[in-house]
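So you can see what is in the structure, the chains are spelled out below.
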There are 2 protein chains.
Amino acid sequence: MLTERQRMILNAIVDDYISSAEPIGSRSISKRGDVGYSPATIRNEMADLEELGYLEQPHTSAGRIPSHKGYRYYVDHLVPWNSAGTAEMGTIRAFFAEKLNATEQVIQHAAMILSNMTNYTSILLGPEVFHTSLRHFQLLPLDGNNAVAIIVTSTGQVENRTVQIPPEISLSEMEKVVNLLNSKLVNVPLYKLKSQLYSELGEEMQRHISHYEELMQVLDQALESDHDQRIYLSGAANMLTQPEFKDVDKVKTILDLLEETPTLLKMLSPVSGGTGIQVRIGTENKHEAFAHCSLITATYSLDGKALGSIGILGPTRMEYARVMGILGILSRDLTAMLAHWYK
Amino acid sequence: MLTERQRMILNAIVDDYISSAEPIGSRSISKRGDVGYSPATIRNEMADLEELGYLEQPHTSAGRIPSHKGYRYYVDHLVPWNSAGTAEMGTIRAFFAEKLNATEQVIQHAAMILSNMTNYTSILLGPEVFHTSLRHFQLLPLDGNNAVAIIVTSTGQVENRTVQIPPEISLSEMEKVVNLLNSKLVNVPLYKLKSQLYSELGEEMQRHISHYEELMQVLDQALESDHDQRIYLSGAANMLTQPEFKDVDKVKTILDLLEETPTLLKMLSPVSGGTGIQVRIGTENKHEAFAHCSLITATYSLDGKALGSIGILGPTRMEYARVMGILGILSRDLTAMLAHWYK
DNA sequence: CGTTAGCACTCTACTCAGATGAGTGCTAAC
DNA sequence: GTTAGCACTCATCTGAGTAGAGTGCTAACG
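Note that the structure is a prediction, hence the values are computed from the model and not measured. (Residues numbered from 1 in each chain as written. Chains lettered and ligands numbered in written order. Predicted model: local features only at pLDDT ≥ 70, side-chain atom pairs only at ≥ 80, totals over all residues.)

Thoughts on the overall build of chain A
Item 1. Counting secondary structure elements, chain A contains 12 helices and 10 strands.
Item 2. For 343 residues, the compact-globule formula gives about 20 Å, and the C-alpha radius of gyration of chain A, at 26 Å, lies well above that figure.
Item 3. For chain A, the spread of C-alpha atoms along the principal axes amounts to about 90 × 40 × 35 Å.
Item 4. Looking at chain A residue by residue over its 343 residues, the buried ones come to 39%.
Item 5. Here the contacts in chain A between residues at least 6 apart in sequence split such that 61% fall between residues at least 24 apart. (Helix = DSSP H or I, 4+ residues; strand = E, 2+ residues; numbered from the N terminus. Rg over C-alpha atoms; globule rule 2.2 N^0.38 Å. Buried ≥ 20, exposed ≤ 12 C-beta atoms within 10 Å, placed from the backbone. Contact = placed C-beta atoms within 7 Å.)

Considerations on the sheet that holds strand β7 (residues 231-234) of chain A
Residues and elements named next belong to chain A.
Item 1. Here we have 5 strands laid out as an open sheet, ordered β7-β3-β10-β9-β8, and antiparallel in their pairing. Since the sheet does not close on itself, it has two edges, and those belong to β7 and β8 (278-281), each with one partner. Strand-to-strand twist across the sheet, computed as the mean angle between neighbouring axes with direction ignored, equals 15°.
Item 2. As paired elements, strand β3 (residues 121-125) and β7 share 4 bridges and run antiparallel to each other. If you follow Leu125 over to β7, its bridge partner there is Ile231. (Pairing = 2+ DSSP bridges. Axes fitted to C-alpha atoms, helices over the stretch in contact; angles between N-to-C directions.)

A short note on the protein's contact with DNA strand D
Item 1. Around DNA strand D, 20 residues are found, and the nearest of them are Gly25(A), Ser26(A), Thr41(B), Thr60(B) and Ser61(B).
Item 2. Elements that contribute at least two residues to the surface near DNA strand D include exactly α2 (26-31) and α3 (39-51) of chain A together with α3 (39-52) of chain B.
Item 3. Of the residues forming the surface near DNA strand D, the biggest block, 4 residues, is contributed by α3(A).
Item 4. Counted by class, the surface near DNA strand D contains 6 nonpolar, 11 polar and 3 charged residues. (Near = placed C-beta within 6 Å. Nonpolar A, V, L, I, M, F, W, Y, C, P; charged D, E, K, R; others polar.)

Observations concerning the interface of chain A and chain B
Item 1. Across the contact, 29 residues belong to chain A and 29 residues belong to chain B.
Item 2. Taken together, the residues of the side of chain A that touches chain B sort by class into 15 nonpolar, 8 polar and 6 charged.

Things to note about the domain arrangement of chain A
Residues and elements named next belong to chain A.
Item 1. Structurally, chain A comprises domain 1 (4-78), domain 2 (86-128 + 229-341) and domain 3 (134-223).
Item 2. Spacing between the C-alpha centres of domain 1 and domain 2 amounts to 28 Å.
Item 3. Where the side of domain 1 that touches domain 2 is concerned, the elements lending two or more residues are α1 (4-20) and α4 (68-78).
Item 4. If you tally residues by element for the side of domain 1 that touches domain 2, the top one is α4, at 5 residues. (Domains from an automatic or database assignment.)

Description of the protein's contact with DNA strand C
Item 1. Close to DNA strand C lie 20 residues; Thr41(A), Thr60(A), Ser61(A), Gly25(B) and Ser26(B) are nearest.
Item 2. Every element with two or more residues in the surface near DNA strand C is listed here: α3 of chain A together with α2 (26-31) and α3 of chain B.
Item 3. If one sorts the elements of the surface near DNA strand C by residue count, α3(B) sits on top with 4 residues.
Item 4. A per-class count over the surface near DNA strand C returns 6 nonpolar, 11 polar and 3 charged.

Describing the sheet that holds strand β4 (residues 134-141) of chain B
Residues and elements named next belong to chain B.
Item 1. The strand order across the open sheet built from 3 strands is β4-β5-β6, with neighbouring strands paired in antiparallel fashion. The outermost strands of the open sheet, each flanked by one partner alone, are β4 and β6 (158-164). On average, each strand axis in the sheet is tilted by 20° relative to the strand beside it, whichever way the strands run.
Item 2. As paired elements, strand β5 (residues 146-153) and β6 share 7 bridges and run antiparallel to each other. Bridge pairing in β6 links Val152 to Val158.
Item 3. In this fold helix α9 (residues 212-223) packs onto β4, β5 and β6, with an angle of close to 145° to the strand it touches most, β6.

What to know about the environment of Pro189(A)
All names here are of chain A.
Item 1. Here Pro189 lies in the loop between α7 (171-184) and α8 (193-208).
Item 2. Owing to 15 C-beta atoms within 10 Å, Pro189 belongs among the partly exposed residues under this scheme.
Item 3. Between the C-alpha atom of Pro189 and that of Thr132, which follows or precedes it by 57 residues, the distance is 5.6 Å.

A short note on the relation of the copies chain A and chain B
Item 1. The transform that puts chain A on chain B rotates by 180° and translates by 0.0 Å along the axis, for an RMSD of 0.1 Å. Taken together, the rotation angle and the small translation identify this as a two-fold axis. Within chain A, the C-alpha atom positioned nearest to the axis of rotation is that of Val248(A), 3.2 Å from it.
Item 2. A shared interface surface links the copies, since 100% of the contact residues of chain A are contact residues in chain B too. (Least-squares fit on C-alpha atoms with pLDDT ≥ 70 in both.)

Things to note about the pairing of strand β9 (residues 293-302) of chain B
Residue and element names in this part refer to chain B.
Item 1. With 9 of 10 residues buried, β9 is to be regarded as a mostly interior element.
Item 2. Pairing between strand β8 (residues 278-281) and β9: 4 bridges, direction antiparallel. Bridge pairing links Ile281 to Ser294 in β9.
Item 3. Linking two consecutive strands that pair antiparallel, namely β9 and strand β10 (residues 305-315), is a turn of 2 residues; a positive phi of about 55° is found at Asp303 within it.

Points about helix α4 (residues 68-78) of chain B
Residues and elements named next belong to chain B.
Item 1. Every buried residue of α4 is accounted for by Gly70, Tyr71, Tyr73 and Tyr74. End-on, the buried residues of α4 take up no more than an arc of 160°, which puts them together on one face.
Item 2. Turning to α4, the residues buried within the fold contact α1 (4-20), β1 (55-56), β2 (65-66), β8 and α12 (320-341). (Arc of directions from axis to C-beta.)

Describing α1(B)
All names here are of chain B.
Item 1. Helix length check: α1 (17 residues) gives 24 Å between terminal C-alpha atoms against 24 Å at 1.5 Å per residue, within 8%.
Item 2. For α1, every residue scored as buried is listed here: Ile9, Leu10, Ile13, Val14 and Tyr17. For α1, the angular spread of the buried residues around the axis is 130°, confining them to a single face. Exposed residues lying more than 90 degrees from the buried face of α1 are Glu4 and Ser19. (Expected span 1.5 Å × (residues − 1).)

Observations concerning the packing of helix α5 (residues 86-97) of chain B against α12(B)
Residues and elements named next belong to chain B.
Item 1. Contact geometry of α5 with α12 gives a least axis separation of 11 Å together with a crossing angle of 20°. Relative to α12, the element α5 is oriented roughly parallel. The handedness of the crossing between α5 and α12 comes out as right-handed. Across from Glu88, Met89, Ile92 and Phe96 in α5, the residues of α12 making contact are Ile326, Ile329, Leu330, Asp333 and Met337.
Item 2. Here the residues of the contact of α5 with α12 are counted per class, giving 7 nonpolar, no polar and 2 charged. (Parallel < 35°, antiparallel > 145°, perpendicular 65-115°, else oblique. Left-handed = near helix turned anticlockwise from the far one by under 90°.)

Here you go:
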């Protein structure tokens, strides 16, 4: 349990360190207007805070910097809430005023806005198709051998892939099957699509359709959902502006990781019970390369189900308050926009 | 005009510098098996080559490094052709053996393969829709107000966007118009789509359709081609491994530029008459940030028309021979694959 | 007893001179 | 035409000395 004065000092140290990136000495804290104590008193408290694990010293004769535990305490208890500035509110409002078609474009654009506003790296997770259902299915022949399969989801996303059509399947047959699919499988959740295809239509198709086996193979290909949510990254180069990453080798491992989509997917996928804004500080991220980074995430949702995430990656010495404020507003507004679009 | 010996020495210097990134001294050239001269002789030639502008000296007592002119001569006259190693051929072959659906995935995957193989940054330009034509158009209502417009091109690409439908337009009317479009505008090049919509269908529609104005607006939105070719980037972090970019500030300007899609589009769009492999060395790229970079590009095409580009960005001290070999093979195979798919 | 002034101590970062060595340019000899 | 030899240049490395920021401790103060 920290005393009020310790909290105040910890708060001051974290704030100052966030903006200066230099170890903070007792004198500079004492000189702040809001702390009415002499450097000596501050020093005593700092020694205590260090013993408790909230601060650390790069070396004996340097000032103190917050430890991970210190940041955690700051985020959990000290962050001044509601601190998205009016300028930022304006930018976000302007963003939503723009007319963008296709959810994908919105997310992509949001990634840019976020990284520009924060000067950190933004990582957004596109809407998950898992919770959406089939709106329309179509198989469009391109030439003798190939066709484009198009799946439109209930949220208006369009997935497409090319499939090969065995020559023995006739056009009319294909059409028949597609019509059957559209009449029977609309509104079925995408992840149930394949199983329902077999259970609901298998029998009927076997009766009416001649090349059952081959057709099923085609549909299998066509409905094979590439479950990968899309990752939208922006401002990766912003990492280079952080003084703690002025060493090329350190930043290389980070940027390398940022190109690994599966890793990012894992990091961003909403944690169980994780509602609202999540902050993962330093080693709380699973990856060693992110030991000196913090990731702040929020989710956007439709019908109360989390569809995707928006996240900001920066150094542990990050402007938590500002970023949390921005993410909070943006995620709320995104959710509102989706609800308005698709209801 | 360079003498045979000068060419040999220039070649040796460029080769050595490419692999070592250190200024090359006369002694080390002399010790190479293939040059049978003493350091003093080499030194004389080097002085001449410097006077001619092919070499430069970082400072008086250092070795020589190739100038832009030197690289240019190397690329134009000295590059050993056909130097894609067998290992690389294998990787490329394996890539084309994979079954990938959708052109987009192929390009994206190719970007990854390229950056992994070369350890440079790959920049690919997705297939241009400009030269493709309409295969199929569809307008799929989502709810009362919105619909998804889907355009399938002759190359099997699927473009989609959300449009708003004024309430006064009925479903049956929309269907009628879509059918009309599909019967009249199929095989029309995408870039002519909107003009033909007016010239060919305007009259007929005005007669048969009640809410002409509103419908036209919807179609306008739906056919508005986002002409942007897609950029696929991979291995941007590889820039950091280059010793010439160990300075964070320099590499920052480069990585920043790599996030500017329009700039990349401009850089990659095939130059007039540019057939085969193009090499832009240092300041030959328009952007100051790329003054110490070289960009090697090739194009892939369909029906003899260049559809898109594949490029590798690295330091001017780049393995030209290897990269040119790889790009040559990959672009040729991509072209072959597209021809095979869509003919 | 909590707070503060004073002081000795520690440790990094900076600077500067000297040493090192790679590499050149020039001259003279082969 | 080619090469050996040598003086010279200049970036890089090394180590000593210095400055300065900041601490911890002790003792005094209200």
